[in-house]
Amino acid sequence: QLQSKILILTVCAAGIGGTFQYGYNISIINAPTLYIQRFMNQTWLERTGVPLGSNVVLLLWSLTVSAYPLGGLSGAVAAGPMAIMLGRKMSLLVNNIFVITAAVLSGFSQMARSFEMIMLSRFLTGMNAGVSMNIQPMYLAESAPKKLRGVVALTSASFTALGLVLGQVVGLRELLGGEESWPLLLASNAVPALIQLMALPWLPESPRYLLIDRGDRESCISALQKLRGSSDLRAELEEMLAEQAAAKGQRAKKPWELIRNPAVRWQLTSIVVLSSAMQLCGNDSMYFYAAYVFQEAGIPQDIIPYVVIGTGSCELITSVTCNMIIDYAGRRLLLLGGYILMAGWAVVFMVALSQQTQISWMPYLSMACIFAYILSFGIGPAGVTGVLPTEVFDQMSRPAAYMICGSLLWFNLFLVGTAFPFIVKSLGHFCYVPFLVVCICTALYIGFFLPETKGKSFLEISEEFKKRNFRAQSHGAFYKGPKEMESTTL
């Protein structure tokens, strides 16, 4: 009982200052948009005596918003070396420096009459999210027993969704979303960071990191005893020792070494496809349309912020549901089902948007599509994508894999955020066609090429991928033709 409580506390302590911050900080910036833009204009007027043009205000706001994914990209790149040098747990603790500094900057920005402080704070907040999005799933999956690995690692997605919903709630004008209180709203992300700093130091480091990376068997056994108790350590320790023996003499890989290594070709292709699809599938763009669709459905303007909370709640409900079924249904089925459903709802949504003004009940169908699309995303792609790099890569390759995975995630978030307004302008009601293509292509890749990892040890998964990676070479081994021709064989 005590051991299961320690595992639950480890999950909660890592999550509250980890991926929770990603969802929370995406959410809280929406409520004070107009107030911050007004503050930028007033500050410039006080400095120069000349007000800013509407286009310049929009440009400054775009820079403020884009600072978050750019910071996330920097954090994702820094996460790999941090995980190797500092360890998983210490990296999460050190990572709080970024968000606490960001909270101080944004909290005092109005007092200092500096909108530049808000821009810098958003960059630092992004760095915090970039590090935690990579290291938290790695830390939790390495700390969990094999039968609970999917459930435990998937809590990262649940904390993201929880952060999203709480950010929407705290951003209501009755709480911190008013004109006077927006600096407090932006600085409120210091609270989860302080909770993590108080709780996480008392909990164990990843046993796999202690044994395989640091070679500290005693600390590994101590961490395992805290997490599991003393009854069933032998089998798990033997599996870790086998993985340590397989990694003997190796050092932690760099991202470019993974790219050049034919032994991890399929693993790398899989995480590149799935990490890119997670942002290119159009889920975040549904939030862009939510307010417009709700307004067309006749929902009063002052009620819309409360209805939008429902969209975030959908993602939370499905990520918790996914948590409960992942180790029964498997990773592959949840991913495949999620992308197929999203493709179907994208078609219905585009039809509903095109008929929005012609048929009276179409806005309600559009509303249903928004909720259904977010539910389909939450049931598989939202959570399972973050678990896979831990499962399909060995201990020496895992940090570099997360660097690649995280960099793609943040780059594509920036790309979609920048390109989506232009896609809407050029394609109109059919703006979801690019996202539909992404969902169909990803579903086909999962159906034909992605193996199931449910209930398998890290070594078993590694062996399965090794067979796939070297299948072409093994077929080529029987060829006895001329050397000149053999050298041109792909």
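Computed from a prediction, not measured in an experiment: that's the story for all the values here.

Calculation criteria
- Residues numbered from 1 in each chain as written.
- Predicted model: local features only at pLDDT ≥ 70, side-chain atom pairs only at ≥ 80, totals over all residues.
- Heavy atoms only, no water.
- Domains from an automatic or database assignment.
- Buried area = accessible area lost by both parts, 1.4 Å probe.
- Salt bridge = Lys/Arg side-chain N within 4 Å of Asp/Glu carboxyl O.
- Polar contact = N/O pair within 3.5 Å; in protein donor to acceptor, adjacent residues only side chain to side chain.
- Helix = DSSP H or I, 4+ residues; strand = E, 2+ residues; numbered from the N terminus.
- Nonpolar A, V, L, I, M, F, W, Y, C, P; charged D, E, K, R; others polar.
- Contact = heavy atoms within 4.5 Å.
- Phe/Tyr/Trp six-rings, centres within 6.5 Å; stacked < 30°, edge-to-face > 60°.
- Buried < 20%, exposed > 50% of the residue type's maximum accessible area, 1.4 Å probe, protein only.

A. Representation of the domain arrangement of the chain. Here the chain is described as being made up of domain 1 (1-203) and domain 2 (256-471). Here the C-alpha centroids of domain 1 and domain 2 sit 22 Å apart. The contact between domain 1 and domain 2 buries some 3400 Å² in all, and 68% of this surface belongs to carbon and sulfur atoms. When the buried surface of domain 1 facing domain 2 is broken down by residue, Arg149, Leu154 and Gln168 rank first, second and third, together holding 18% of it. Inspection of the region where domain 1 meets domain 2 yields two salt bridges. In this structure, the connection of domain 1 to domain 2 is made through five residue pairs in polar contact (both at pLDDT 80 or more). If you list the elements that add at least two residues to the side of domain 1 that touches domain 2, you get helix 4 (54-85), helix 7 (116-143) and helix 8 (149-170). Broken down by element, the residue count for the side of domain 1 that touches domain 2 peaks at 14 residues, all from helix 8. In terms of residue class, the side of domain 1 that touches domain 2 is made up of 25 nonpolar, ten polar and seven charged.

B. Examining the side chain of Gln168 more closely. Here Gln168 shows up in helix 8. Residues contacting Gln168, with those up to four places away along its chain left out, are Ser27, Tyr287, Val308, Ile309, Thr311 and Gly312.

C. The packing of aromatic side chains, seen in detail. A full pass over the atoms with the stated rule returns ten aromatic pairs. The interplanar angle of 25° and the centroid separation of 5.2 Å between the aromatic rings of Trp266 and Phe449 together place this pair among those described as stacked. In this pair, Trp266 sits in helix 15 (residues 265-280) while Phe449 sits in helix 22 (residues 433-449), placing the two residues 183 residues apart along the sequence. Overall, Trp266 belongs to the partly exposed group, its relative accessible area being 24%. Phe449 sits in the partly exposed class, given a relative accessible area of 36%. Arranged with centres 5.5 Å apart and planes meeting at 80°, the rings of Phe349 and Tyr432 form a pair that is edge-to-face.

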